[in-house]
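Observations on the model geometry
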Amino acid sequence: MKLWMEKIIQPPRICLDASTVCQLKCPSCPTASGETGKKLGIGFLKFSDFKNIVDKNPWVSNIELSNWGEIFLNKELIKIVEYAYENNVALQADANLNNVTEDILEALVKYGFRAITCSIDGASPETYSLYRVGGNFQQVIENIKTINKFKAQYNSRYPILYWQFIVFGHNEQEISKARRMARDLYMEFRLKLSWDDLYGNLFSPIKNAELVRKETGLGVASRSEFREKYGREYILRDCCLNLWINPHINYDGKVLGCCINYWDDYGNAFKDGLKECLNNEKINYARAMLMGKRESKMDIPCILCQSYKRMEENKNWLTNKEIYAKKIAYILLENKVLGYYLTNQLARRLVVAKHRLGRWI
């Protein structure tokens, strides 16, 4: 059985952060506390760097523009979106959608920005602002309505809009209301468990666990309950898979590998080349660590991550099947074959079928 780490990694999908600047002060966020800025710097992706990544890496067809900051604070965003459109590169992002001008919102629709996940953790201004400190709930809703206005004007389904609701003790009573509001705004509603203590102290613990277990559809109300019930980490394993499927890159070119790491890098894609950084000795060693094929090393970023520590403690390593399944899932999503849930279910079944037929790569 060949290992994925033995192959040249050229994923069609990458994350290239447009900004490490954010105007909000969310309690659990390393950007708000200033930690990411100390390690990654505080700045914005330049159009010239974006253009070079697209021009020099034609195998990249999908770019996520967000991780540690708010993309709409980048003053070159319209140029970036337009160039991606002209070169058939799909864009998507997470955003708080507080400070954005109407011309940018129109550009998102005009140039076919693929999807925006809006972080809205409440269904009222009072509840929303408890976590999204400094945010304006009504302004976010108005910006969503403006996007919908332009979608109707251009007769476009893009960008697809997602309402992401991170559930806490202070907002759990508004889940149903937020779900209804999302439907009325033509958005897909996604409920997400909080990060617990991944980035610091636990913020606003769940109060009504039974309600949250029902609303999530997972039968769990926290990451610890998920771990106990399913025997794996909630979402975090997908973050580890980023090193193969969706590698993350800072605004200045530092290759971070995953969406959690901000304390070290695997080289600079702008200076050393994207393909070279995604296949150098350091990142390949990290992939081998995540699969349990190599001992941990202090100069590998994973060594400081809670996800890796639990993986090492339980010997619950990533497998070829998981890597292959995630790749298939992204291909199906990219081609809009199925929705998010059915895509992941089908991807897992395809992997099992392939393995049973003895055609494993």
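Just so we're clear, the structure is a prediction, and the values are computed from it rather than from any experiment. (Residues numbered from 1 in each chain as written. Predicted model: local features only at pLDDT ≥ 70, side-chain atom pairs only at ≥ 80, totals over all residues. Heavy atoms only, no water.)

Side note on the overall build of the protein
The secondary structure content of the protein amounts to 17 helices and 8 strands. Relative to its full complement of 361 residues, the protein shows a buried share of 55%. Total accessible area on the protein is roughly 16800 Å²; 50% of this is exposed by carbon and sulfur atoms. (Helix = DSSP H or I, 4+ residues; strand = E, 2+ residues; numbered from the N terminus. Buried < 20%, exposed > 50% of the residue type's maximum accessible area, 1.4 Å probe, protein only. Areas by Shrake-Rupley, 256 points an atom, 1.4 Å probe, with all protein chains shown as cover.)

Quick notes on the confidence of the model for the protein
Here the protein averages 90 in pLDDT, and 88% of its residues register 70 or above. Under a pLDDT of 50 for its full length, residues 1-5 has, in the predicted model, 19 contacts with residues more than four places off or in other chains. For residues 354-361, every residue scores under 50 in pLDDT, and the model assigns this stretch 14 contacts once sequence neighbours within four places are set aside. (pLDDT = per-residue confidence, 0-100. Contact = heavy atoms within 4.5 Å.)

A few points about the pairing of strand S1 (residues 13-16)
What you see with S1 is no split at all: Arg13 and Cys15 on one side and Ile14 and Leu16 on the other are buried throughout. As defined by bridge partners, S1 adjoins strand S2 (residues 62-64) across 3 bridges and the pair is classed as parallel. Across the sheet, the residue bridging to arginine 13 is asparagine 62, located in S2. Sheet topology note: the S1/strand S7 (residues 248-249) ladder contains 2 bridges and is parallel. Note on S7: the bridge partner recorded for leucine 16 is isoleucine 249. (Pairing = 2+ DSSP bridges.)

A closer look at helix H3 (residues 47-56)
Because the α-helix completes a turn every 3.6 residues, residues three or four places apart line up on one side. Where H3 is concerned, the buried positions are Phe47, Asp49, Phe50, Ile53 and Val54. Buried residues of H3, viewed axially, fall in a sector of 165°; they line one side. Buried positions along H3 lie against S1, S2, helix H4 (77-86), strand S3 (90-95), helix H12 (269-272) and helix H13 (274-277). (Arc of directions from axis to C-beta.)

So, the packing of aromatic side chains
Under the counting rule described, the total for this entry stands at 13 aromatic pairs. Residues phenylalanine 226 and tyrosine 230 carry aromatic rings whose centres are separated by 4.6 Å and whose planes lie at 35° to one another, so their mutual orientation is tilted. Linking phenylalanine 226 with tyrosine 230, this pair stays in helix H10 (residues 223-230), spanning 4 residues, or about one helical turn. Here phenylalanine 226 falls in the buried class, since its relative accessible area comes to 5%. A residue is classified by how much of its surface remains accessible, and tyrosine 230, at 33% relative accessible area, is partly exposed. One aromatic cluster is present, formed by Trp68, Tyr262 and Trp263 through successive ring pairs. (Phe/Tyr/Trp six-rings, centres within 6.5 Å; stacked < 30°, edge-to-face > 60°.)

So, the side chain of histidine 248
Position of histidine 248 relative to the elements: it lies in strand S7. Apart from the residues lying within four places of it in its own chain, the contact partners of histidine 248 are Cys15, Asn67, Asn242, Lys254, Val255, Leu256, Gly257, Cys258 and Cys259.

Observations concerning unusual backbone geometry
Of note, the bond from tyrosine 158 into proline 159 is cis; its omega dihedral lies within 30 degrees of zero at 0°. For proline 159, the location among the structural elements is in the loop between helix H7 (137-153) and strand S5 (160-167). One non-glycine residue with positive phi stands out, namely asparagine 155, at about 50°. Relative to the helices and strands, asparagine 155 resides in the loop between H7 and S5. Given the relative accessible area of 73%, asparagine 155 is considered exposed. Even without glycine at this site, isoleucine 235 takes up a positive phi of about 70°. Tracing the backbone through its elements, the reader meets isoleucine 235 in the loop between H10 and helix H11 (236-245). Assessed through its relative accessible area of 29%, isoleucine 235 is described here as partly exposed.

A short note on the nonpolar core
Counting residues in each nonpolar core, the largest one holds 101 residues, and the members touching the most others are Phe50, Ile63, Leu65, Phe72, Ile144 and Trp163. No other element matches the 7 residues that H11 contributes to this core. Discounting chain neighbours no more than four positions away, the residues touching isoleucine 63 are Ile14, Leu16, Phe50, Val54, Val89, Ala90, Leu91 and Gln92. (Core = buried A, V, L, I, M, F, W, Y, C linked by side-chain atoms within 4.5 Å.)

Here's the deal with the sheet that holds strand S8 (residues 255-257)
Spatial strand order, S6-S5-S4-S3-S2-S1-S7-S8: 8 strands in an open sheet with mixed pairing. This sheet does not close on itself; its edge strands, each paired only once, are strand S6 (188-193) and S8. Its contacts with the sheet put H3 on S1, S2 and S3, and the angle it makes with S1 is roughly 165°. (Axes fitted to C-alpha atoms, helices over the stretch in contact; angles between N-to-C directions.)

Focus: the packing of H3 against H4
Direction vectors running N to C along H3 and H4 enclose 15°, while the axes themselves pass 9 Å from each other. Put simply, H3 runs roughly parallel to H4. The two elements H3 and H4 cross, and the hand of that crossing is right-handed. Of H4, the residues touching H3 (which contributes Phe47, Phe50, Lys51, Val54 and Asp55) are Lys79, Ile80, Tyr83 and Ala84. Here the contact of H3 with H4 is built from residues that sort into 6 nonpolar, no polar and 3 charged. (Parallel < 35°, antiparallel > 145°, perpendicular 65-115°, else oblique. Left-handed = near helix turned anticlockwise from the far one by under 90°. Nonpolar A, V, L, I, M, F, W, Y, C, P; charged D, E, K, R; others polar.)

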